[in-house]
Structure formats: C-alpha cells, structure tokens
Amino acid sequence: MNTPPTDIDLLDRLAAEYVLGTLRGPARRRLERWRSRSVLLDERCRFWEDGLMPLLRGLRPLEPPAHVWQGIRARLDLRSPARGSRARLYALAASVLLIVAIGAFFYWRTLAPPPRASVVATIAAPSGALMWQVEIYGAAGAPARLSVRAGALAAPPAGRDYELWALPKGRAPVSLGLLPYRHDAMHRALSLAQQQALANATQLAVSVEPAGGSPTGLPTGAVVFVASLRSMS
Amino acid sequence: MTGAAEADRELDARLTDLLRRCAQSDGEALQRLYALVSPTLFACLTRMLRRRSLAEEALQDVFVTVWQRAQQFRPERGRAMAWLVAIARYRAIDLLRHERFAAVLVADLPTGTAPGEEPGDDPTAMLAGTGLLERCLALLTREQRHCLELAFVGGNSHADVARLVGSPLGTVKSWIRRGLQSLKACLEA
C-alpha cells in the first residue's frame, strides 16, 4: 500500500501506535513516508505526540557529559569563523567584546568570593576506596552550587544509576541528582528545594535507582552509602 | 494549575523562539536550546536505550537533526517540547531496531508522578502539559496504563511488554489498543 489510508479511524490508530513506539519495522517506515505526504496523518501524529508526552513525567532530568555538546558542535561545524564583509568582521569583533565584557562581569560576580567549598563530604567504599568527593559552594548556611568528582572505582550498577540525596533533619530526602562515574565530574547550581534541604542536612546518602533516576522523587532502591557533611569554615 | 500552565506556555514560547533562530543558522540559539532541554532528552534516551554511551550518541544525533529540521517546526501544529521529545524518541526506537535485546531489562518504570511536589519544584515540569493527561490516565485500568508506560517511556515493543508483564501478546495488544481509545476519547472530550 503506497498511499495512506483514507479511513480516519485507521489513520488515528496507526498514528497512536507510531507515537507510542509499538509500530515497528516496515510498518513504521511506511507510516513515516505517509506522514510526510498526509497533512491529516501528520495532524494525528502531533495530537498523540502532545497528548502522550506527559507520560515521561516520572523521569528525572539527567545532565549529559560535556563531550556530547562538543561532539554536536564539531559535527555541525558551529565554530567555523564568520566570513564576509569588513562590516561583519566589525560586528563579530563587537560581539566578541560584548561576550568578554559579560564574561568579565560574571567572572567578578561569581569569583569575587574565592571559589572554596564551604561544605564537603567524602563518600568511600568500606575498603576505604574513594567513590565520590562532594563539594558544596556558597556562603555558610547558604549552599548555591554542587560539585561531585567520581573516583576511579565509581561505576554504575548494572543497568541502574547511583543517585545522591540530601538528608534534611526531620524531612524527606531531596535528590541532588545522579552521580558521575569513573573520574567524571558533575557541577550544577542547586535549586531552591535542594538549597533548603542541604542547609538543614548533616548527611548525604547514595541509593541505587533505575537508570535515569528515582521515578518517585524519593529513594526507591537500597541506600548503599551514607556520608557526613563537613563544614570547611 | 494556572501558574503551571502559564510557565508551560512561557517555556514553549522560549523553545519556539530558539527553534526559529536555529532555522536561521544561529548556533548560539542551539546551544541555549541544548542547555534547556538536553537533561530531559538525555534522561528519556538513557531510559529507552539502557546504555549511557548509546544515549550520548543518540543525543548528538538528535541535536544535529533539530538543527537541520528546525525550519520544519510549525508552532501552530504542536508544542515545541513535544516536537523535540518526538525526535529523540524516534531516534531511540530506530537505534533499538539494531539493539534487539537492549530493552528486555526495562522493568523499573515510573508508575505515577512524584507525590507531594510543588509544581515549581518539579524538574520535569516541562513535560507536564496541563494535567489533562493525568486526569485521562486515571480513567485507565492499571494494566492499560502500565503497558502504555512500558511502551512509551521504556521503548518496549508489544512483544517486550508482553514478556515484562507476563501476559499473552494478544492480551497486551488489546490493553494497549483500548488504553489508547480511552485516552483519545478523554483528551478530545
């Protein structure tokens, strides 16, 4: 069948299974060809793409490693210098100056207080091997940024991830995100909820979670490490 | 809910603007778009593909595709975030064709939303929509909903879903078909 069906119910059923991902193989390829030619089919696909998207809500965002963006930039050749008239060169120079100025502004804003961790925690295996070094930056009692470095032995449990939690006194754990592995590092700004949790916490915990992180917002797997937060001030 | 819906519209307007600029070959817009949505798309790809290295490769493919197809995005036809999620999920499904066994282990899936979170604290708020789907999902049977999640979130085929829930393939297909019918009736009501 080289032309899309005209039966709207059939079109809708196919669109739904295509978006859901259960339409596979040649049928999937065929629907993709039809979609590029049929406004009606395209409209039904978009209906399901919009409608089913919230099913992903349970997923915790996961920061990709820096080399992914570098790879994208290289593949798209986004760093190639602008070519063109003298005016464009001036425009380029002006924007470089602007970027330098903005950069300097933020440099002073962010680095004026020396970037020294205010609170640290060392997460180690029972053998004493370093798993993760956690550093929290910001004024005393006002954590703002989190930095985690993984030791050589920090590897993901098969098909799962390690998730870091703040344990605020008398309250439920608050996720600080997935942990990096094997010498990798993770740096991030803390959300308000994370800042409040850390300001009231003396300990961190690490749990084993489904790949991508806890689906519920609370630890669901075994807590495998607990470490105390040490103030550096 | 009004606040969430407003934040949702605002995010969509921002993404739409960035996609429009990508269509004009503005590399900085792509970088901003990446900073905004890559953690969500990477979580989605990691869940479907089960291997971080494969998910990283897929994420690169996704943003190359976004760059190349940005001019095809029509905001009047659907939400920007849905368009981006669709590109990511379809790429993952294509890769799963070549990784036949990759999805077999997908057993741990979200069965609902995180309880007790303020909308503003929800890191996946950009996927939330207006809450209509949640209301419609509540009308499904447990089996229907579980099968839909295994397929949509986990990237499982009919056969994989049947294996995971331990029910005959025909039964699973019918749960999925009826689940989709109920959702459609509710979403379009």
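Residues numbered from 1 in each chain as written. Chains lettered and ligands numbered in written order. Predicted model: local features only at pLDDT ≥ 70, side-chain atom pairs only at ≥ 80, totals over all residues.

A. The overall build of chain B, seen in detail. Regarding its fold elements, chain B presents eight helices and zero strands. Starting at the N terminus, the α and β elements of chain B follow one another as α-α-α-α-α-α-α-α. Here chain B holds 189 residues, and 44% of them are scored as buried. Expressed as a percentage of contacts within chain B between residues at least 6 apart in sequence, the contacts between residues at least 24 apart total 68%. (Helix = DSSP H or I, 4+ residues; strand = E, 2+ residues; numbered from the N terminus. Buried ≥ 20, exposed ≤ 12 C-beta atoms within 10 Å, placed from the backbone. Contact = placed C-beta atoms within 7 Å.)

B. The overall build of chain A, seen in detail. A count of helices and strands for chain A gives six helices and nine strands. In chain A, which comprises 233 residues, the proportion classed as buried is 37%. Sequence-distant contacts, at least 24 apart, represent 58% of the contacts inside chain A between residues at least 6 apart.

C. View of the sheet that holds strand 5 (residues 174-178) of chain A. All names here are of chain A. The sheet built from four strands is open, its strands ordered 5-4-7-8 with antiparallel pairing. A single partner strand is all that each edge strand has here, and the edge strands are strand 5 and strand 8 (223-228). Sheet twist, expressed as the mean angle between neighbouring strand axes with direction ignored, is 25°. Where strand 4 (residues 160-168) and strand 7 (residues 201-210) come together, eight bridges link them in antiparallel fashion. Looking across to strand 7, one finds that Leu164 is bridged to Val206. (Pairing = 2+ DSSP bridges. Axes fitted to C-alpha atoms, helices over the stretch in contact; angles between N-to-C directions.)

D. How the structure looks around the packing of helix 4 (residues 66-76) of chain A against helix 3 (residues 52-69) of chain B. Interaxial distance between helix 4 of chain A and helix 3 of chain B falls to 9 Å at its minimum, and their mutual angle equals 40°. When the interaxial angle is binned, helix 4 of chain A and helix 3 of chain B end up oblique. Relative to helix 3 of chain B, the crossing made by helix 4 of chain A is right-handed. Mapping the contact onto sequence places Val68, Gly71, Ile72, Arg75 and Leu76 of chain A in helix 4 of chain A and Glu56, Leu59, Gln60, Phe63, Val64 and Trp67 of chain B in helix 3 of chain B. Tallied by class, the residues present in the contact of helix 4 of chain A with helix 3 of chain B amount to seven nonpolar, two polar and two charged. (Parallel < 35°, antiparallel > 145°, perpendicular 65-115°, else oblique. Left-handed = near helix turned anticlockwise from the far one by under 90°. Nonpolar A, V, L, I, M, F, W, Y, C, P; charged D, E, K, R; others polar.)

E. Main features of the interface of chain A and chain B. Each partner contributes to the interface: chain A provides 40 residues, whereas chain B provides 55 residues. Looking at the side of chain A that touches chain B, the elements that each hand over two or more residues are helix 1 (8-20), helix 3 (39-52) and helix 4 of chain A. Considering every element that reaches the side of chain A that touches chain B, the biggest residue donor is helix 4 of chain A, with six residues. Partitioning the side of chain A that touches chain B into residue classes produces 21 nonpolar, ten polar and nine charged.

F. Fine view of the packing of helix 6 (residues 142-152) of chain B against helix 8 (residues 169-188) of chain B. Residues and elements named next belong to chain B. Direction vectors running N to C along helix 6 and helix 8 enclose 95°, while the axes themselves pass 8 Å from each other. Taken together, the axes of helix 6 and helix 8 lie roughly perpendicular to each other. Contacts between helix 6 and helix 8 involve Glu143, Gln144, Arg145, Cys147, Leu148 and Ala151 from the first element and Val172, Trp175, Ile176, Arg178 and Gly179 from the second.

G. Quick peek at the confidence of the model for chain A. Of the residues in chain A, 81% reach a pLDDT of 70 or more, and the chain-wide mean stands at 81. In the model, residues 105-114 of chain A has pLDDT below 50 throughout and makes zero contacts with residues more than four positions away in sequence or in other chains. (pLDDT = per-residue confidence, 0-100.)

H. Here's a closer look at the pairing of strand 5 of chain A. Residue and element names in this part refer to chain A. Taking burial as the measure, the five residues of strand 5 include five buried ones, the bulk of the element. Relative to strand 5, strand 4 is paired through four bridges, and the arrangement is antiparallel. Across the sheet, Ala166 pairs through a bridge with Val174, a residue of strand 5. Between the antiparallel neighbours strand 4 and strand 5 lie five residues, among them Gly170 with a positive phi of about 70°.

I. Structural context of the sheet that holds strand 1 (residues 119-124) of chain A. Residue and element names in this part refer to chain A. Strands sit in the order 6-3-2-1-9 across an open sheet of five strands; the sheet is antiparallel. Looking at which strands have only one partner, the edges of the open sheet turn out to be strand 6 (185-189) and strand 9 (230-231). Summarising the sheet, strand 3 (residues 142-150) and strand 6 pair through five bridges and their orientation is antiparallel. For Arg145, the partnering residue across the bridge sits in strand 6 and is Ala189. Most of the contacts of helix 6 (residues 192-199) go to strand 3, to which it runs at about 90°, and overall it touches strand 2 (130-139) and strand 3.

J. Representation of unusual backbone geometry in the model. For Asp77 of chain A, which is not glycine, the phi dihedral falls at a positive 55°. Assignment of secondary structure puts Asp77 of chain A in the loop between helix 4 and helix 5 (86-111).

K. Structural context of the confidence of the model for chain B. Averaged over all residues, the pLDDT of chain B is 82; the fraction at 70 or higher stands at 79%. With pLDDT under 50 throughout, residues 101-124 of chain B is counted as low confidence; its partners more than four residues away or in other chains account for 51 contacts.

L. Spotlight on helix 3 of chain A. Residue and element names in this part refer to chain A. Here helix 3 spans 20 Å end to end across 14 residues, near enough to the 20 Å set by a 1.5 Å rise per residue. Taking burial as the measure, the 14 residues of helix 3 include ten buried ones, the bulk of the element. Considered for burial, the residues of helix 3 that qualify are Leu41, Arg44, Cys45, Arg46, Phe47, Trp48, Glu49, Asp50, Gly51 and Leu52. (Expected span 1.5 Å × (residues − 1).)

M. Region of the structure containing the environment of Leu169 of chain B. Residues and elements named next belong to chain B. Considering the arrangement of structural elements, one finds Leu169 in helix 8. C-beta crowding within 10 Å serves as the criterion here: with 12 such atoms nearby, Leu169 is assigned to the exposed category. Sequence spacing of Leu169 and Ala159 is ten residues, and the spatial spacing of their C-alpha atoms is 6.2 Å. Not counting residues within four places of it along the chain, the set of residues in contact with Leu169 comprises His158, Ala159 and Ala162.

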